[in-house]
Amino acid sequence: MAEETELQTEAVEPVEAKAPVETASEPEQNDRPNPLAFASFLLGGWVATMIVFTLFAVVAMTLVGMVAG
């Protein structure tokens, strides 16, 4: 069992060693996401959440006002 494990790790190591060499020879790819698009996505999500919470508060205050008033 121990011998099988050693053989498996030996087979994996050369593949991992070749990967950085191949990526280093390739030209740099600009696959990074656009930070402005990410920021606008976060801001839009925050604004939508605040609108929903505000509407919930308005409905809750209206119901409490009807019951208490």
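Residues numbered from 1 in each chain as written. Predicted model: local features only at pLDDT ≥ 70, side-chain atom pairs only at ≥ 80, totals over all residues. Heavy atoms only, no water.

Draft legend 1. Expanded view of the overall build of the chain. Scanning the chain for helices and strands turns up two helices and zero strands. Split into buried and exposed, the 69 residues of the chain put 0% on the buried side. Total accessible area computed for the chain in this model is approximately 6,700 Å², and 70% of it derives from carbon and sulfur atoms. (Helix = DSSP H or I, 4+ residues; strand = E, 2+ residues; numbered from the N terminus. Buried < 20%, exposed > 50% of the residue type's maximum accessible area, 1.4 Å probe, protein only. Areas by Shrake-Rupley, 256 points an atom, 1.4 Å probe, with all protein chains shown as cover.)

Draft legend 2. Structural view of a nonpolar patch on the surface. Together, Leu43, Trp46, Val47, Met50, Ile51, Val52, Phe53 and Leu55 make up an exposed nonpolar region whose accessible area comes to about 800 Å². Along the chain, Leu55 turns up in helix H2 (residues 35–68). Since its relative accessible area comes to 53%, Leu55 is described here as exposed. (Patch = residues over 30% accessible without salt bridge, like charges linked within 9 Å, V, L, I, M, F, W, Y side chains within 5 Å. Salt bridge = Lys/Arg side-chain N within 4 Å of Asp/Glu carboxyl O.)

Draft legend 3. Layout of H2. Over its 34 residues, H2 extends 49 Å from the first C-alpha to the last, a length consistent with the 50 Å expected when each residue adds 1.5 Å. Among the residues of H2, the N-terminal cap falls to Asn34, whose side-chain oxygen and the backbone nitrogen of Leu36 are separated by 3.2 Å. (Expected span 1.5 Å × (residues − 1). Polar contact = N/O pair within 3.5 Å; in protein donor to acceptor, adjacent residues only side chain to side chain.)

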